[in-house]
Amino acid sequence: MSHRLIACEHCDYLHVEENIPAGSVACCVRCGSPLYSAEQSRFDKPLAFAITALLLFIIANSYPILTFAMEGRVETNTLGSGVLTFWQEGFPFLAFMVALTSIVAPLFLIFAHIYVLLPISLNIRLPGMQKVWRILAMVRPWSMLDVFLIGLLVALTKLTDFAQVIAGPAFFAICCLIPVALLMNVTLDPRNVWRRIAPASLRYLDQSDLADLSNGNSVSQARHYGLLTCHTCAMVVKDQKDGHTRCPRCGDVVHQRKARSLSRAWALLATAVILYVPANIFPIMTVTYLGRSEADTILSGVAVLAKAGEWPIAIVVFTASILVPIVKIVMLSWVYMTTYLGLSGPLKERTLIYRVTELVGRWSMVDVFMVSILAALVKLGNIASVQPGFGAVAFCGVVIATMLSAMAFDPRLIWDRTGMGGSQQSSTPDVYAQDQVEKQGTPS
Ligand SMILES: [Zn+2]
Ligand SMILES: [Zn+2]
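Owing to the predicted nature of the structure, the values given are computational and were not obtained by experimental measurement. (Residues numbered from 1 in each chain as written. Chains lettered and ligands numbered in written order. Predicted model: local features only at pLDDT ≥ 70, side-chain atom pairs only at ≥ 80, totals over all residues. Heavy atoms only, no water.)

## Considering the nonpolar core
Now for step 1: Of all hydrophobic cores here, the largest spans 135 residues; its most connected members are Ile65, Leu66, Phe68, Phe148, Leu152, Val193 and Phe409.
Now for step 2: Residue contributions to this core peak at 15 residues, all from helix H3 (residues 92-122).
Now for step 3: Counting only domains with at least three residues in this core, you end up with domain 1 (5-41 + 196-258) and domain 2 (44-195 + 259-413).
Now for step 4: Setting aside its immediate chain neighbours within four residues, Phe68 contacts Arg73, Val74, Glu75, Leu159, Phe162, Ala163, Gln164, Val165, Leu377, Val378 and Leu380.
Now for step 5: The next biggest cluster of nonpolar side chains, apart from the first, holds ten residues, and it includes Ala7, Leu14, Leu205 and Val236. (Core = buried A, V, L, I, M, F, W, Y, C linked by side-chain atoms within 4.5 Å. Buried < 20%, exposed > 50% of the residue type's maximum accessible area, 1.4 Å probe, protein only. Helix = DSSP H or I, 4+ residues; strand = E, 2+ residues; numbered from the N terminus. Domains from an automatic or database assignment. Contact = heavy atoms within 4.5 Å.)

## Quick word on the coordination of the zinc ion (ligand 1)
Reference values for angles at a metal are 109.5 degrees in the four-donor tetrahedral case and 90 or 180 degrees in the six-donor octahedral case.
Now for step 1: Distances from the zinc ion (ligand 1) to its protein donors, Cys8 (SG), Cys11 (SG), Cys28 (SG) and Cys31 (SG), fall within 2.3 Å.
Now for step 2: Seen from the zinc ion (ligand 1), its four donor atoms lie at angles of 101 to 115 degrees, and the figure they make is tetrahedral.
Now for step 3: Here the donor residues for the zinc ion (ligand 1) map to a single chain with the spacing C-x2-C-x16-C-x2-C. Separated by 20 residues along the polypeptide, Cys8 in the loop between strand S1 (5-7) and strand S2 (14-16) and Cys28 in the loop between strand S3 (24-27) and strand S4 (34-37) bring together distant segments of the chain.
Now for step 4: Of the residues examined, Cys28 reaches a relative accessible area of 0% and is grouped as buried. (Donors = N, O, S within 2.8 Å, 3.2 Å for Na, K, Ca; no water. Tetrahedral: all angles 85-135°; square planar, octahedral: opposite > 155°, others 65-115°.)

## Regarding the pairing of strand S5 (residues 66-70)
Now for step 1: For S5, the buried fraction is high: five of the five residues fall into the buried class.
Now for step 2: Residues Leu66, Phe68 and Met70 line one face of S5 and the alternating positions Thr67 and Ala69 line the opposite face, and both faces are buried.
Now for step 3: Across five bridges, S5 lies against strand S6 (residues 73-77) in antiparallel orientation. Residue pairing across strands places Ala69 opposite Val74, the latter belonging to S6.
Now for step 4: Taking the residues between adjacent antiparallel strands as the criterion, S5 and S6 are bridged by two residues, where Glu71 takes a positive phi near 50 degrees.
Now for step 5: As paired elements, S5 and strand S7 (residues 164-167) share four bridges and run antiparallel to each other. Bridge pairing in S7 links Ala69 to Gln164. (Pairing = 2+ DSSP bridges.)

## Some remarks on the domain arrangement of the chain
Think of interface size as the accessible area that goes away when the parts come together; that is how it is often given.
Now for step 1: Along its sequence, the chain is organised into domain 1 (5-41 + 196-258) and domain 2 (44-195 + 259-413).
Now for step 2: The C-alpha-based centres of domain 1 and domain 2 are spaced at 32 Å.
Now for step 3: Taken together, the 33 residues of domain 1 in the interface contact 32 residues of domain 2.
Now for step 4: Counting the surface lost from both domain 1 and domain 2, the interface buries some 2,900 Å², and carbon and sulfur atoms represent 47% of this.
Now for step 5: Counting the surface domain 1 buries against domain 2, the share from its top three residues, Arg196, Ile197 and Lys258, is 32%.
Now for step 6: Across the domain 1-domain 2 interface, the total number found is three salt bridges.
Now for step 7: Its salt-bridge partner being Arg191, residue Glu9 comes within 3.7 Å of it at the nearest N-O pair.
Now for step 8: For the pair domain 1 and domain 2, the number of links is 24 residue pairs in polar contact (both at pLDDT 80 or more).
Now for step 9: Mapped by element, the contributors of at least two residues to the side of domain 1 that touches domain 2 are S4 and helix H7 (190-197). (Buried area = accessible area lost by both parts, 1.4 Å probe. Salt bridge = Lys/Arg side-chain N within 4 Å of Asp/Glu carboxyl O. Polar contact = N/O pair within 3.5 Å; in protein donor to acceptor, adjacent residues only side chain to side chain.)

## Focus on helix H13 (residues 366-377)
Now for step 1: The end-to-end C-alpha distance of H13 is 17 Å, a good match for the 16 Å that twelve residues give at a rise of 1.5 Å each.
Now for step 2: Across the twelve residues of H13, twelve count as buried, placing the element largely inside the fold. (Expected span 1.5 Å × (residues − 1).)

## Focus: the coordination of the zinc ion (ligand 2)
Now for step 1: Taken together, Cys230 (SG), Cys233 (SG), Cys247 (SG) and Cys250 (SG) make up the protein donors of the zinc ion (ligand 2), found 2.2 to 2.3 Å from the metal.
Now for step 2: If you look at the zinc ion (ligand 2), its four donor atoms make angles of 100 to 118 degrees with each other, and the shape they trace is tetrahedral.
Now for step 3: The sequence pattern formed by the donor residues of the zinc ion (ligand 2) is C-x2-C-x13-C-x2-C. Of the two residues, Cys230 is situated in the loop between strand S8 (227-229) and strand S9 (236-238) and Cys247 in the loop between S9 and helix H9 (261-281); the sequence distance between them amounts to 17 residues. The exposure classification of Cys230 matches that of Cys247, with both residues buried.

## Some words on the packing of aromatic side chains
Now for step 1: Scanning the entire structure with this criterion turns up nine aromatic pairs.
Now for step 2: An angle of 65 degrees between the planes, with centres 6.5 Å apart, marks the rings of Phe86 and Phe91 as edge-to-face. A single burial state applies to Phe86 and to Phe91, both of which are buried.
Now for step 3: Taken together, the ring pairs connect Trp266, Tyr336, Tyr354 and Phe409 into an aromatic cluster.
Now for step 4: Of note, Arg4 hangs over the ring of Tyr204, and the distance from its end group to the ring centre comes to 3.8 Å.
Now for step 5: The residue whose ring lies beneath Arg350 is Trp334, and the NZ or CZ to ring-centre distance is 5.9 Å. (Phe/Tyr/Trp six-rings, centres within 6.5 Å; stacked < 30°, edge-to-face > 60°. Lys NZ or Arg CZ within 6 Å of the ring centre and 35° of its normal.)

## Remarks on the pattern of salt bridges
Now for step 1: Throughout the structure, instances matching the rule amount to eleven salt bridges.
Now for step 2: For the salt bridge of Asp416 with Arg223, the shortest nitrogen-to-oxygen distance reads 3.4 Å. Within this pair, whereas Asp416 is found in helix H15 (residues 412-416), its partner Arg223 is found in the loop between helix H8 (207-214) and S8, the two being separated by 193 residues in sequence.
Now for step 3: Relative accessible area serves as the criterion here: at 12%, Asp416 is assigned to the buried category.

## Side note on the pairing of S3
Regular strands place side chains that alternate from one sheet face to the opposite one.
Now for step 1: The two faces of S3 match: Ser24 and Ala26 on one face and Val25 and Cys27 on the other face are all buried.
Now for step 2: Alignment of S3 against S4, held across three bridges, turns out to be antiparallel. Across the sheet, residue Val25 finds its bridge partner in S4, namely Ser37.
Now for step 3: Linking S3 to S4, which pair antiparallel, is a turn of six residues; within it Gly32 sits at a positive phi near 85 degrees.

Dropping the structure here:
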């Protein structure tokens, strides 16, 4: 094993890679974020899951998800019908977002895994493998088929009260697709793929380079060594100081920190706060049932579920649509503010909170998916119909703005501004990393 240098993407602490037992993950000694997994020699398991996922995805797109029967009339919907309905009803933004998150991104995710893992398993090279894996890193957060499934279950709960609803083949395909896609992700560390598709002549910086770089100082952050971490593939490279350092492994431009990170993160968070008001005032949909129309806001939607005794679903919707956005906005504001002010304090906890908010934000899309399903399925005019409302547009805007805000923020700033990156560590980073990495290796 070469003792390659690796810097934490969340706090910039520099480590030296060590051998860790198969199936374990090495974590950062300073902030606890995962650094790398044990090197993988075979990729057949994630490949098998990717091929299975593709077959299920084809079924999910070719057959009806639900069949809705009422007063002798029958309507069916597919994955694409929500997109079409939003488009026809004059909501192009919602049509675009639902198409991206429930069709385009999941399909690209599966395709990219097959396109890259199949040639690796056959020991051949295909053109553009690096490019595909690089785009995958950008697309991954927008793949939300798992959230779509929850939206589907909420829609189903709302419909069964007043009509006959039958689940179609696509419904079961989506139910199977979620665990298969999850297995595809947990059996593969994308960083291990980068090692395999990197140019053969690529030289990694390792322990032997440290002495030259540190000038004998005991420092801990990669930036103090004049090193940068590629945001796409996590390779550590020397800063060319011209602002145009390119990663030799994935080809992306590498920056010391994300450009104008805090101001962009604040601006996007402020957008989310502003959109949160119309998202809760305006109805997300209008339900017409036997000639009577009623507008549903996010809050009244939860109340209706609770009144009907559907407590588990009401709690899920309340958590995803009301609790998560508020908690996310408050937590991100706290992280940004303490970073801006350069406050010391619980830096590790702040990093953890940032990581968690980055992960949970997408679950708020549940209500948007629910509206897309109901509007596509319930189209019986005055007998029963569902029209999307402006509240859904604003709410979708809140979810996207908070996601983009978290993406714009560079968590390494949490550690930079407090001056913790300097010479406060008594031991040299390599020795420190070596013994801690082994202790923290936990089975994944
Ligand atoms: Zn760290
Ligand atoms: Zn890179």
